[in-house]
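Chain and residue survey
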Amino acid sequence: RYYIFIFLCLFISIFSWYYVICFNNVYPGIKMEWIKSSITFIIIMQIISIIIVLLEATLRALSFHYKSEKLYKFKKLLS
């Protein structure tokens with residue numbers, strides 16, 4: 001089962017790199033713009049993940065501090 005998963009991940013990675021290389025060879029002027037937008041997207045996704053984790057931690061701490069089961073259930077709903 002793990003071998004199938006590893007093989008599938010490897011296959012998808014190789015196919016993705018092939019697609020990226022072909023795209024960059026066909027449109028060489030867009031290469032830098034593509035890299036910039038990819039880095040920007042990765043940074044934005046990381047920031048969103050950090051905000052969600054901080055929100056969940058804050059809601060959990062507040063629910064324990066105020067002994068509110070509703071806040072705790074809302075926190076579980078977010079995660």
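Source: prediction; values computed, not measured.

1. Let's talk about the packing of helix H2 (residues 31-65) against helix H3 (residues 69-78)
Following both chains from N to C, one finds H2 and H3 inclined at 160°, their axes separated by 8 Å at the closest point. Classified by the angle their axes make, H2 and H3 are roughly antiparallel. The chirality of how H2 crosses H3 is left-handed. Where H2 approaches H3, its residues Leu55, Glu56, Leu59, Arg60, Leu62, Ser63 and Phe64 are matched on the opposing element by Leu71, Tyr72, Phe74, Lys75 and Leu78. Across the contact of H2 with H3, the residue classes break down as eight nonpolar, one polar and three charged.

2. Considerations on the confidence of the model for the protein
Looking at the protein as a whole, the pLDDT averages 89, with 100% of positions reaching at least 70. Within the protein, the element-level pLDDT minimum falls on H3, averaging 80, and the maximum on helix H1 (residues 2-26), averaging 92.

3. Considering the packing of aromatic side chains
Per the counting criterion, the structure on display carries two aromatic pairs. With centroids separated by 6.5 Å and ring planes inclined at 25°, the aromatic side chains of tyrosine 19 and phenylalanine 23 adopt a geometry described as stacked. Remark: phenylalanine 23 and tyrosine 19 occur in helix H1; sequence separation between them is four residues, near one turn of the helix. A residue is classified by how much of its surface remains accessible, and phenylalanine 23, at 26% relative accessible area, is partly exposed. Each member of the aromatic cluster is reached from another via a ring pair, and the members are Tyr19, Phe23 and Tyr27.

4. Notes on the side chain of asparagine 24
Of note, asparagine 24 is situated in helix H1. Beyond its immediate sequence surroundings of up to four residues, asparagine 24 is in contact with Lys31 and Trp34.

5. Quick word on H1
Its 25 residues place the ends of H1 36 Å apart at the C-alpha level, agreeing with the 36 Å of an ideal helix rising 1.5 Å per residue. Of all 25 residues in H1, two are buried, a share of ten percent or less.

6. Side note on unusual backbone geometry
With a phi close to 55°, lysine 67 is a non-glycine residue in the positive phi region. Topologically, lysine 67 is positioned in the loop between H2 and H3.

7. Here's the deal with the side chain of glutamate 56
Note that glutamate 56 resides in helix H2. Non-local contacts of glutamate 56, meaning those with residues more than four positions away in its chain, are made with Lys75, Leu78 and Ser79.

Calculation criteria
Residues numbered from 1 in each chain as written. Predicted model: local features only at pLDDT ≥ 70, side-chain atom pairs only at ≥ 80, totals over all residues. Heavy atoms only, no water. Axes fitted to C-alpha atoms, helices over the stretch in contact; angles between N-to-C directions. Helix = DSSP H or I, 4+ residues; strand = E, 2+ residues; numbered from the N terminus. Parallel < 35°, antiparallel > 145°, perpendicular 65-115°, else oblique. Left-handed = near helix turned anticlockwise from the far one by under 90°. Contact = heavy atoms within 4.5 Å. Nonpolar A, V, L, I, M, F, W, Y, C, P; charged D, E, K, R; others polar. pLDDT = per-residue confidence, 0-100. Phe/Tyr/Trp six-rings, centres within 6.5 Å; stacked < 30°, edge-to-face > 60°. Buried < 20%, exposed > 50% of the residue type's maximum accessible area, 1.4 Å probe, protein only. Expected span 1.5 Å × (residues − 1).

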